[in-house]
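What follows is the residue order along each chain.
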Amino acid sequence: MPLYKTIDFSPTTQILVWEITESYEQLFDEVQLNEKSLLRLTAMKSQLHQRAFLSVRKLLQQAGYNDFDLYYDESGKPHINDGKFISITHSHDFSGIIISDQKAGIDIELQRDKIIRIADKFVNNKELHRLKDTNSQDYIKKLTVKWGAKESVFKICNEAGISFKDHIWINSFEIKDQKTTAILEMENVKQQFSIYFEEIDSSPESFRGEQAKRNFTMVYAFEK
Ligand SMILES: CC(C)(COP(=O)(O)OP(=O)(O)OC[C@H]1O[C@@H](n2cnc3c(N)ncnc32)[C@H](O)[C@@H]1OP(=O)(O)O)[C@@H](O)C(=O)NCCC(=O)NCCS
């Protein structure tokens, strides 16, 4: 099940999502990698990571690029050589890229109960207080949106010292809204971001013995 979804967000922004059901061999046969990528790929410890890495190259192909158009800076942030902005994410069954004329970040996260236990590490007290009346199913979804939004903002800014809890604030939202806004405030810098989010679910044929369907949250952000 290759290309899962394409969102033509605007004439200059495209989001592409891959559902990773192919074997390592199949993906490897279908992409061409530059030397650095081949080295990275062979050094990866898990095949899950390798397949995710290769599936991102499939997404690049879909968008009209290839691995030779992509390079990374010393922080690991990806860039493409035509001046557009790119952001990359991968999580278990899915990978995603956003390519835009605007600065953009993307994140896909598996929705898990575990996020409740770590909430106070990345959400400040005021944000947590506002979530207190949320029903339990939406609580996990909202925390996952907040996490993904903060990761996406981080991927845009990529500043050393950014604390998800202390420096990035996600404004209140309902899951049905599928959008919100965020503020990064740090050392006299104040930046605003538009945040968009949606749920993506793995398809039945990709369960491969999993007990239950897995729900993911995709979030993407633009600097305002
Ligand atoms: C680097 C980081 C953004 C990656 O996010 P992640 O959710 O772990 O993983 P994702 O799959 O969504 O993203 C990985 C991709 O991010 C991109 N990336 C890596 N470093 C990056 C950076 N400094 N800036 C922007 N993008 C980056 C890469 O493209 C990478 O995939 P690739 O190397 O296969 O191309 C994240 O690990 C991180 O460092 N976050 C900030 C640190 C932090 O404060 N964390 C927790 C606070 S409670």
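Presented here is an overview of the structure given in this document.

Calculation criteria
- Residues numbered from 1 in each chain as written.
- Predicted model: local features only at pLDDT ≥ 70, side-chain atom pairs only at ≥ 80, totals over all residues.
- Heavy atoms only, no water.
- Axes fitted to C-alpha atoms, helices over the stretch in contact; angles between N-to-C directions.
- Helix = DSSP H or I, 4+ residues; strand = E, 2+ residues; numbered from the N terminus.
- Parallel < 35°, antiparallel > 145°, perpendicular 65-115°, else oblique.
- Left-handed = near helix turned anticlockwise from the far one by under 90°.
- Contact = heavy atoms within 4.5 Å.
- Nonpolar A, V, L, I, M, F, W, Y, C, P; charged D, E, K, R; others polar.
- Buried < 20%, exposed > 50% of the residue type's maximum accessible area, 1.4 Å probe, protein only.
- Lys, Arg positive; Asp, Glu negative; His and termini not counted.
- Salt bridge = Lys/Arg side-chain N within 4 Å of Asp/Glu carboxyl O.
- Polar contact = N/O pair within 3.5 Å; in protein donor to acceptor, adjacent residues only side chain to side chain.
- Pairing = 2+ DSSP bridges.
- Near = heavy atom within 4 Å.
- Areas by Shrake-Rupley, 256 points an atom, 1.4 Å probe, with all protein chains shown as cover.
- Core = buried A, V, L, I, M, F, W, Y, C linked by side-chain atoms within 4.5 Å.

1. Overview of the packing of helix H2 (residues 35–43) against helix H3 (residues 47–62)
Part 1 of the reasoning: With their axes 9 Å apart at the nearest point, H2 and H3 run at an angle of 155° to one another. With respect to each other, H2 and H3 are oriented roughly antiparallel. When you trace H2 past H3, the crossing you get is left-handed. Each of Ser37, Arg40, Leu41 and Thr42 in H2 lies in contact with H3, whose residues at this interface are Gln50, Phe53, Leu54 and Arg57.
Part 2 of the reasoning: Of the residues assigned to the contact of H2 with H3, the class counts are 3 nonpolar, 3 polar and 2 charged.

2. Description of the side chain of aspartate 69
Part 1 of the reasoning: Position of aspartate 69 relative to the elements: it lies in the loop between H3 and strand E3 (70–72).
Part 2 of the reasoning: Buried and without a salt bridge, aspartate 69 has arginine 57 as its closest oppositely charged side chain, separated by 10 Å.
Part 3 of the reasoning: In this structure the side chain of aspartate 69 is engaged in a polar contact, spanning 2.8 Å, whose partner is the backbone nitrogen of asparagine 66.
Part 4 of the reasoning: Setting aside its immediate chain neighbours within four residues, aspartate 69 contacts His79, Ile80 and Asn81.

3. Examining the sheet that holds strand E11 (residues 215–223)
Part 1 of the reasoning: What the 5 strands build is an open sheet, ordered E7-E11-E10-E9-E8; its pairing is antiparallel. Two strands in the sheet have a free side with no partner beyond their single neighbour: strand E7 (104–110) and strand E8 (168–170). Going across the sheet, the axis of each strand differs from the next one's by a mean of 25°, ignoring polarity.
Part 2 of the reasoning: Inspection of the sheet shows strand E10 (residues 189–201) paired to E11 by 9 bridges, in the antiparallel sense.

4. Observations regarding the site of the ligand
Part 1 of the reasoning: Around the ligand lies a shell of 19 residues, among which Tyr72, Thr89, His90, Lys155 and Asn158 are the nearest.
Part 2 of the reasoning: One nitrogen or oxygen atom from the side chain of arginine 40 is found 2.9 Å from an oxygen atom belonging to the ligand.
Part 3 of the reasoning: At 2.8 Å from an oxygen atom of the ligand is found a side-chain nitrogen or oxygen belonging to threonine 89.
Part 4 of the reasoning: In isolation the ligand exposes 920 Å². Once the protein is present, 73% of that is buried.
Part 5 of the reasoning: Every element with two or more residues in the shell around the ligand is listed here: strand E5 (85–91), E7 and helix H6 (136–157).
Part 6 of the reasoning: A total of 4 residues in the shell around the ligand trace back to one element, the largest contributor, which is H6.
Part 7 of the reasoning: Each residue belonging to the shell around the ligand can be placed in one class, and the counts come to 7 nonpolar, 5 polar and 7 charged.

5. Concerning the nonpolar core
Part 1 of the reasoning: Core analysis: the biggest nonpolar cluster contains 26 residues, and Leu143, Val153, Cys157, Ile168, Leu184, Phe193 and Ile195 have the highest contact counts within it.
Part 2 of the reasoning: If you list the elements that add at least two residues to this core, you get helix H4 (114–122), H6, E8, strand E9 (179–186), E10 and E11.
Part 3 of the reasoning: In contact with phenylalanine 193, not counting residues within four places along its chain, are Val153, Ile156, Cys157, Thr180, Thr181, Ala182, Leu184, Phe222, Glu223 and Lys224.
Part 4 of the reasoning: The next biggest cluster of nonpolar side chains, apart from the first, holds 22 residues, and it includes Trp18, Leu41, Phe53 and Ile86.

6. Things to note about the pattern of salt bridges
Part 1 of the reasoning: Across all of its chains, the model carries 12 salt bridges by this definition.
Part 2 of the reasoning: Measuring nitrogen to oxygen at the nearest pair gives 2.8 Å for the salt bridge that ties glutamate 30 to lysine 58. Pair noted here: glutamate 30 is in helix H1 (residues 24–30) and lysine 58 is in helix H3, with a separation of 28 residues, a long-range link.
Part 3 of the reasoning: Its relative accessible area of 33% is what places glutamate 30 among the partly exposed residues.
Part 4 of the reasoning: Take lysine 58: its relative accessible area is 11%, and that puts it in the buried class.
Part 5 of the reasoning: Between aspartate 120 and lysine 121 there is a salt bridge, with its nearest N and O atoms 4.0 Å apart.
Part 6 of the reasoning: Judged by its relative accessible area of 40%, aspartate 120 falls in the partly exposed class.
Part 7 of the reasoning: The class for lysine 121 is exposed, based on a relative accessible area of 62%.
Part 8 of the reasoning: Through salt bridges with shared partners, a single network forms among Glu127, Lys146 and Lys150.

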